[in-house]
Amino acid sequence: MKTEKFMAWGVKEKSTPIKALQQESTDAIPTPGPNDVVIRNEYIGLNPVDWKVIQNWPASWATGHIPGVDGAGTVIGVGKDVRGVVPGQRIAYHQDLHRNGSFASHTIVNQKTLLRVPDILPLSLAAALPCPLMTAWQAIEKIPSKPQVDVLITGAGGMVGRFLVQLAVQRNCRVTAMASARHHKTLRQLGAETTIGWNTEQSESAFFAVFDTVNAQHASSMAGLVEANGHIVCIQDRLETPPLPPFNKALSLHEVALNGLYRVGNDRQWAQFRQAGEELFSMVAHEQVRTPEPHIEPMAALPEALEQLTIQDRPLKTVIDVRHFTTEE
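Residues numbered from 1 in each chain as written. Predicted model: local features only at pLDDT ≥ 70, side-chain atom pairs only at ≥ 80, totals over all residues. Heavy atoms only, no water.

Student: Could you clarify how one ought to interpret unusual backbone geometry in this entry?
Tutor: When glycine is set aside, most residues are seen to have a negative phi, and most peptide bonds are trans. Located in the positive-phi region is N172, a residue other than glycine, with phi close to 65°. Tracing the sequence through the fold places N172 in the loop between α5 (159-170) and β10 (174-178). Looking at N172, the relative accessible area reads 44%, which means it is partly exposed. Within the chain, A250 stands out as a residue other than glycine whose phi angle is a positive 55°. Here A250 shows up in the loop between β13 (226-234) and β14 (252-255). (Helix = DSSP H or I, 4+ residues; strand = E, 2+ residues; numbered from the N terminus. Buried < 20%, exposed > 50% of the residue type's maximum accessible area, 1.4 Å probe, protein only.)

Student: Looking at this model, I keep getting lost on the environment of D212. Mind explaining?
Tutor: Of note, D212 is situated in strand β12 (residues 207-212). D212 sits in the buried class, given a relative accessible area of 1%. In sequence terms D212 and Q236 are 24 residues apart; their C-alpha atoms lie 7.5 Å from each other. With sequence-adjacent residues up to four places away left out, D212 is seen in contact with T154, H218, A219, V233, C234, I235 and Q236. Reaching out from D212, the side chain makes a polar contact with the backbone nitrogen of V214 at a distance of 3.1 Å. A polar contact of 3.2 Å, which involves the side chain of D212, links it to the backbone nitrogen of N215. (Contact = heavy atoms within 4.5 Å. Polar contact = N/O pair within 3.5 Å; in protein donor to acceptor, adjacent residues only side chain to side chain.)

Student: What am I meant to see in the side chain of R162 here?
Tutor: Mapped onto the elements, R162 comes out in helix α5. For the buried R162, no salt bridge is present, and the opposite-charge side chain at shortest range is E293, 12 Å distant. Within polar-contact distance, the side chain of R162 engages the backbone oxygen of G157 at 2.9 Å. The residues touching R162, leaving out its near neighbours within four places in the chain, are A156, G157, H183, T186, L187, L190, P292 and L316. (Lys, Arg positive; Asp, Glu negative; His and termini not counted. Salt bridge = Lys/Arg side-chain N within 4 Å of Asp/Glu carboxyl O.)

Student: Is there a simple way to think about the sheet that holds β10 in this case?
Tutor: Sheets are built from strands that pair by backbone hydrogen bonding, the pairs being arranged parallel or antiparallel. Spatial ordering of the open sheet is given by β11-β10-β9-β12-β13-β14, a layout of six strands whose pairing is parallel. Looking at strand neighbours, the two that pair on one side only are β11 (194-196) and β14, the edges of this open sheet. Averaged over all pairs of adjacent strands, the angle between their axes in this sheet comes to 15°, without regard to strand direction. Across five bridges, the pairing between strand β9 (residues 150-154) and β10 is parallel. Bridging across to β10, I153 finds its partner in A177. (Pairing = 2+ DSSP bridges. Axes fitted to C-alpha atoms, helices over the stretch in contact; angles between N-to-C directions.)

Student: Just to check I follow, could you spell out the pattern of salt bridges for this structure?
Tutor: Think of it this way: side chains of opposite charge can pair up when their charged atoms draw near. Following the criterion strictly, the structure yields ten salt bridges and no others. One salt bridge in this structure joins E255 and R238, with 3.5 Å as the shortest N-O distance. Of this pair, E255 sits in strand β14 while R238 is found in the loop between β13 and β14, placing the two residues 17 residues apart along the sequence. Each of R238, E240 and E255 takes part in a single network of salt bridges with overlapping partners.

Student: When you look at the environment of N259 in this model, what are you seeing that I'm missing?
Tutor: Take N259: it is sitting in the loop between β14 and α8 (261-264). The exposure class assigned to N259 is buried, which follows from its relative accessible area of 13%. Note: C-alpha distance between N259 and A8 (251 residues apart in sequence) is 22 Å. Apart from the residues lying within four places of it in its own chain, the contact partners of N259 are V69, H94, Q95, D96 and L97.

Student: What exactly am I supposed to notice about the nonpolar core here?
Tutor: Soluble globular proteins tend to bury their nonpolar side chains together. Core analysis: the largest hydrophobic core is formed by 56 residues, its most contacted members being L121, L164, V165, F211 and F281. Looking at this core, the elements that each hand over two or more residues are α3 (123-126), α4 (130-140), β9, α5, β10, β12, α8 and α9 (267-285). In terms of residue count, the dominant contributor to this core is α9 (eight residues). Ignoring anything within four residues of it in the chain, the contact list for F281 reads A92, L115, R116, V117, P118, L121, A126, L129, P130 and L133. Grouped together as the second largest cluster of nonpolar side chains are 23 residues, W51, F103, I320 and V322 included. (Core = buried A, V, L, I, M, F, W, Y, C linked by side-chain atoms within 4.5 Å.)

Student: Teacher, can you tell me more about the packing of α4 against α9 here?
Tutor: When two helices pack together, you describe them by how their axes are tilted relative to each other and by the distance separating the axes. Where α4 contacts α9, the two axes come as close as 11 Å, and the packing angle between them is 115°. In this view, α4 runs roughly perpendicular relative to α9, as classed from their interaxial angle. The two elements α4 and α9 meet at a crossing, and its hand is right-handed. Residue-level contacts link P130, L133, M134 and W137 of α4 to Q272, F273, A276, G277, L280, F281 and V284 of α9. Tallied by class, residues from the contact of α4 with α9 come to nine nonpolar, two polar and no charged. (Parallel < 35°, antiparallel > 145°, perpendicular 65-115°, else oblique. Left-handed = near helix turned anticlockwise from the far one by under 90°. Nonpolar A, V, L, I, M, F, W, Y, C, P; charged D, E, K, R; others polar.)

Student: How do you make sense of the side chain of T213 when you look at a structure like this?
Tutor: Here T213 shows up in the loop between β12 and α7 (216-221). T213 sits in the buried class, given a relative accessible area of 16%. For T213, the side chain forms a polar contact with the main-chain oxygen of T154, separated by 2.8 Å. Filtering out sequence-adjacent residues up to four positions away, T213 remains in contact with T154, G155, I235 and Q236.

Any functional reading would require information beyond the geometric quantities listed.
See below:
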């Protein structure tokens, strides 16, 4: 007879993933709160934020905390106040950084965050989507929708950048993608009108918006390329001070903080998040938004796979197969 088992990778120290993560297991499956559901994870999506928070160790974490923001699987239990979610549903999610996360066979997730997965979309691909896809969506939502404007996306060869290129093209923007040369062919296939390298000299081109995936210093260096009353959208960092003197270009500065919804998001914003996420999942399923097939590793290899994300020569997207750990004879 098969019984449910719980297995997870918890943190034991503030360090690199290989040193910080420790396997733990128990016969007890976590119990959901009134507004929570229990997800039996089938796949875990790894993201740079996962190793970054492990190395920074948020104040809310205790020893044994389970990291991981992205996962996909099946609902096996619901809290007493949950509505519209039933056991057996295929779900993907982006977890609150302050709750136990997806690096486990089972995860407790608030119902408001759940994204239903279309039947034709494999869960292995769904697990790779929430963080990069919804980050790109949040970033593009920062600027007014104006057709035929020029936008620059830096670091466009990464997952967020690739999604951003496609979302911007769908809004009829003319996209310039800044990335390493090895990504240029793919980015043009995704719709970028122009591709440039990292060492390209700043031109006189004026962009309505720059989406920067590097850091605040790099975003600030892009200010000269933005037209008057344009926009700089920081995805990996934030600009603490304006990059130009006052009464100059009057640029609008934006920061992207996907997990910030857990602290300050209201019901309307969460409804928009779910609607947008499920529409984007459907677009991926129907190849209207393209994404590379993820590199898949077993659950036992999670710490090493996450460590790989800290170096330059790594798979574009890695997903962990959890299915072996969810049942035991």
